[in-house]
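Residue-level structural notes
For reference, the chains in residue letters:
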Amino acid sequence: MMSLSMFLAIPGGYSIILIVVVVLLLFGGRKIPELMRGLGSGIKEFKDATKDDETKKVEKE
């Protein structure tokens, strides 16, 4: 069991392949583009919100 924990603790090629296979098994090939679109739009909204907060701070000063 120790070797399995060491295998997953060190990020590398095999760990990434294992993660990709698990994601494919859980969500299927058709859902992944939809999930990535959602993730991308969430990141974009987060960046826009942080930019808005920074401009509001600058305007107050």
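Structure shown above.
Let us look at the structure shown here. As the structure is a computational prediction, the values presented were derived from the model and not from experiment.

1. A short note on the overall build of the protein
- On a plain count of helices and strands, the protein comes out with three helices and zero strands.
- When the helices and strands of the protein are listed from N to C terminus, the series reads α-α-α.
- Taken across its 61 residues, the protein has 2% of its residues classed as buried.
- When the accessible area of the protein is evaluated, it comes to approximately 5800 Å², of which 68% is carbon and sulfur surface.

2. Notes on the pattern of salt bridges
- Tallied over the entire structure, the rule returns one salt bridge.
- When the shortest N-O distance is used, the salt bridge between E34 and K31 registers 3.8 Å. Of this pair, E34 and K31 both sit in helix α3 (residues 31–60), three residues apart, roughly one helical turn.

Thresholds applied
- Residues numbered from 1 in each chain as written.
- Predicted model: local features only at pLDDT ≥ 70, side-chain atom pairs only at ≥ 80, totals over all residues.
- Heavy atoms only, no water.
- Helix = DSSP H or I, 4+ residues; strand = E, 2+ residues; numbered from the N terminus.
- Buried < 20%, exposed > 50% of the residue type's maximum accessible area, 1.4 Å probe, protein only.
- Areas by Shrake-Rupley, 256 points an atom, 1.4 Å probe, with all protein chains shown as cover.
- Salt bridge = Lys/Arg side-chain N within 4 Å of Asp/Glu carboxyl O.

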